[in-house]
Amino acid sequence: MTSNSLIRISAATIFLLQAASPARAASCEDSVGRVQAQLDAAIEKNAGAHGWSPESLDALRGHQPTPRSLAQAEGASGVHLRLALDALDRARAASRSSDIATCRRELSEAKRLLRKRPQ
């Protein structure tokens, strides 16, 4: 092989490796979306499981609830859900910075917390 051929092969390899990085980041972001949907469903299910509570000041002011505010309103039974939301936030941040290993680790933590039952 000539040195010109080696340079072309090296350049093509580098190009392909760089092109694959956004695809891997997107797959992590897709996983974040799937875990968020599972977490939203768990929060909804948990929100009605313990009977009625007085409305918060935000609810009285007409603010729409967020997954985090719903988990917060559940008190001790929502702790694992809040921790899962925190892990999901860290996964999103890692995905934005293309840190796929951290994104996947935080997704695993969110899934583990999602499986955990309230105490």
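Okay, so let's go over this structure. The shown structure was predicted, so the numbers you read here are calculated from the model rather than taken from an experiment.

### Description of unusual backbone geometry
Most peptide bonds adopt trans geometry, and most residues besides glycine take a negative phi value.
Move 1: Of note in this structure, S98 is not a glycine but carries a positive phi near 60°.
Move 2: Within the secondary structure, S98 is located in the loop between α4 (79–96) and α5 (100–115).

### Here's the deal with α4
Move 1: With 18 residues, α4 should reach 26 Å at 1.5 Å per residue; the first-to-last C-alpha distance of 26 Å fits that figure.
Move 2: When we look at burial in α4, the residues that qualify are H80, L81, R82, A84, L85, A87, L88, A91, A94 and S95.
Move 3: In the segment just after α4, S98 is the residue with positive phi, at about 60°.

### Some words on the environment of L81
Move 1: For L81, the position within the fold is in helix α4.
Move 2: Taking the C-alpha atoms as reference points, L81 and L113, 32 residues apart in sequence, are found 6.9 Å from one another.
Move 3: Non-local contacts of L81, meaning those with residues more than four positions away in its chain, are made with L39, A42, I43, N46, A71 and L114.

### With respect to the nonpolar core
Move 1: Ranked by size, the top nonpolar core spans 19 residues in total, and within it V32, L39, I43, L81, L88, C103 and L107 carry the most contacts.
Move 2: For this core, the elements supplying multiple residues, two or more each, are α1 (3–47), α4 and α5.
Move 3: The element that contributes the greatest number of residues to this core is α4, accounting for seven residues.

### Describing the state of the cysteines
Move 1: Considering all chains together, one arrives at one disulfide under this definition.
Move 2: The disulfide partner of C28 is C103, and the gap between their sulfur atoms is 1.7 Å. An S-S torsion of about -105° defines the bridge between C28 and C103 as left-handed. With a gap of 75 residues between them, C28 in helix α1 and C103 in helix α5 connect regions that are remote in the sequence. Across the pair, exposure class does not vary: C28 and C103 are buried alike.

Thresholds, definitions, all that
- Residues numbered from 1 in each chain as written.
- Predicted model: local features only at pLDDT ≥ 70, side-chain atom pairs only at ≥ 80, totals over all residues.
- Heavy atoms only, no water.
- Helix = DSSP H or I, 4+ residues; strand = E, 2+ residues; numbered from the N terminus.
- Expected span 1.5 Å × (residues − 1).
- Buried < 20%, exposed > 50% of the residue type's maximum accessible area, 1.4 Å probe, protein only.
- Contact = heavy atoms within 4.5 Å.
- Core = buried A, V, L, I, M, F, W, Y, C linked by side-chain atoms within 4.5 Å.
- Disulfide = S-S within 2.5 Å.

On their own, these measurements won't tell you what the molecule is for.
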